[in-house]
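Results of the structural survey
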Amino acid sequence: MKTLYFVRHCSATGQISEAPLTELGHQQAQELASFFKDIQIDHIISSPFIRAQDSISPTAHEKNLSLIIDNRLAERILSTSDLPDWLELLEKTFTDLNLKFIGGESSREATDRAIEVVKEASSNCIFVTHGNLLSLLLKHFDSSIGFSDWKSLSNPDIYQITITNNKSIIKRLWT
C-alpha cells in the first residue's frame, strides 16, 4: 500500500513563479502544518514556484524534513501566447489530452512529467503543486476527473491517494 498526499498551494498574490503568498496564504500554510501534524510524512516534494514552497515550508519545519524541489511539479503552461478565451481552451484540454497551444504543453505531456515524480516517490509523501497540474494528476488516477473538478479546487487543497494492488482511492481531505 502506498499513501500519497497532493497539495495545491495556498492563496498567492499572482501566477508568476515568484509570486509570494498573501497574508491569508501564510495563515493557510500554518493550517496545513497543523493538518499534517499527526500524519506520518517521510518526504515532501514541491514545485519550484515560491507559492508552493512557502505553502509547505511550515509543515517541513514541523516534521524536520528537507523540502525537495522538483521542476516536474511546476504548473502546466497552457500557452505562451495571450489566449483571451483561455478558460474555454483549458476546458477542451480535459477531453482532448493531446490538445496543445503555442508554447504550451498538452495535458498528456504535463501529466507524464508529473507522474514520473509520483512513481519515484515512496509512501507517505506530500507533493505540492498547482491547480491545473493537480487536477491532471487526479485525472491520471481517476479518468472521470475533469474541468469541473479543476474549477472546484480551493487554495489550499489536499487530496489523499491510496494505492493498493494497482487500484487507487482518491479522497479529498481539505474542507
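Every chain's residues receive numbers from 1 upward, in the order its sequence appears when written. Where totals are concerned, whole chains, interfaces and linings use all residues; where local detail is concerned, this predicted model gives features only for residues with pLDDT of at least 70, and gives and counts side-chain atom pairs only at 80 or more. As a rule here, side-chain values cover all heavy atoms of the structure and leave hydrogens and water aside.

What follows deals with the packing of helix α4 (residues 107–120) against helix α5 (residues 131–141). Comment: axis = line fitted to C-alpha atoms, over the contacting stretch for helices; angle = value between 0 and 180 degrees taken between N-to-C directions. To qualify as a helix, a DSSP run of H or I must reach at least 4 residues; to qualify as a strand, a run of E must reach at least 2; elements of each kind are numbered from the N terminus. Between α4 and α5, whose axes approach to 9 Å, the crossing angle comes to 80 degrees. Compared by their axis directions, α4 and α5 come out roughly perpendicular. Only L133, L136, L137, H140 and F141 of α5 make contact with α4, whose side of the interface consists of S107, A110, T111, R113, A114, I115 and V118. Here the term charged refers only to Asp, Glu, Lys and Arg, the term nonpolar to Ala, Val, Leu, Ile, Met, Phe, Trp, Tyr, Cys and Pro, and the term polar to all other amino acids, Gly among them. Here the residues of the contact of α4 with α5 are counted per class, giving 8 nonpolar, 3 polar and 1 charged. Note on terminology: angles under 35 degrees are roughly parallel, angles over 145 are roughly antiparallel, angles of 65 to 115 are roughly perpendicular, and the others are oblique. Here, two residues are considered to be in contact whenever any of their heavy atoms come within 4.5 Å of each other.

Count 3.6 residues to each turn of an α-helix, and residues three or four apart come out pointing the same way. The cut-offs for exposure are 20% and 50% of the maximum accessible area for each residue type, with area from a 1.4 Å probe on protein chains only; residues under the lower value are buried, those over the upper are exposed, and the others partly exposed. Among the 11 residues of α5, 10 are classified as buried, and the element is accordingly described as predominantly covered. Within the sequence span of α5, burial applies to G131, N132, L133, L134, S135, L136, L137, L138, K139 and F141.

Okay, the pairing of strand β2 (residues 43–46) next. Looking at chain direction, β2 and strand β4 (residues 125–129) are connected through 4 bridges and run parallel. Bridge pairing in β4 places I44 opposite I126. Bridge count for β2 against strand β3 (residues 67–69) is 3 bridges, and the pairing is parallel. Residue pairing in the sheet places I44 in a bridge with L67 of β3. With helix α2 (residues 50–63) bridging β2 and its parallel neighbour β3, the resulting β-α-β unit is right-handed. DSSP-based pairing: two strands are paired if at least 2 bridges between them are found. Look down the strands so they point away from you; if the path from the first strand over the helix to the second goes clockwise, the crossover is right-handed.

Time to look at the packing of aromatic side chains. Any two rings among Phe, Tyr and Trp, with Trp reduced to its six-membered ring, count as a pair given centres within 6.5 Å; such a pair is stacked if its planes are under 30 degrees apart, edge-to-face if over 60, and tilted if neither. Overall, the coordinates contain 8 aromatic pairs when judged by the stated rule. Ring plane angle 85 degrees and centroid distance 5.6 Å describe the contact between Y5 and F36, whose orientation is recorded as edge-to-face. On the criterion of sequence distance, the pair formed by Y5 in strand β1 (residues 2–8) and F36 in helix α1 (residues 23–36) is long-range, its members being 31 residues apart. No difference in accessibility class separates Y5 from F36, as the two residues are buried. Measuring from ring centre to ring centre gives 6.1 Å for F35 and W174, while their planes differ by 65 degrees; the resulting arrangement is edge-to-face. Of this pair, F35 sits in helix α1 while W174 sits in the segment after β6 (167–172), and the two are 139 residues apart along the sequence. With relative accessibility at 28%, the residue F35 sits in the partly exposed group. Site record: aromatic cluster; members linked through ring pairs are Y5, F35, F36 and W174.

Once that is clear, we can look at the pairing of β6. Examined bridge by bridge, strand β5 (residues 157–164) and β6 share 6 bridges and lie antiparallel to one another. Counterpart to I161 in the pairing with β6 is I170. Counting the residues that bridge the hairpin from β5 to β6 gives 2 residues, and of these N165 lies at a positive phi of roughly 50 degrees.

Our next topic: the sheet that holds β6. Across the sheet, which stays open at both edges, the 6 strands sit in the order β3-β2-β4-β1-β5-β6 with mixed pairing between neighbours. Lying at the two open borders of the sheet, with one neighbouring strand each, are β3 and β6. The sheet shows a mean angle of 25 degrees between the axes of neighbouring strands, direction not considered.

This next bit is on unusual backbone geometry. Residues apart from glycine generally show negative phi values, whereas peptide bonds are mostly found in trans. Residue N155 is joined to P156 through a cis peptide bond whose omega torsion reads -10 degrees. On the secondary structure map, P156 appears in the loop between α6 (147–151) and β5. The phi angle at N124 is positive, at roughly 60 degrees, despite the residue not being glycine. On the secondary structure map, N124 appears in the loop between α4 and β4. Despite not being glycine, N165 has its phi angle at roughly 50 degrees, a positive value. Of note, N165 is situated in the loop between β5 and β6. With relative accessibility at 69%, the residue N165 sits in the exposed group.

Read these as layout, nothing more, since geometry by itself doesn't imply function.
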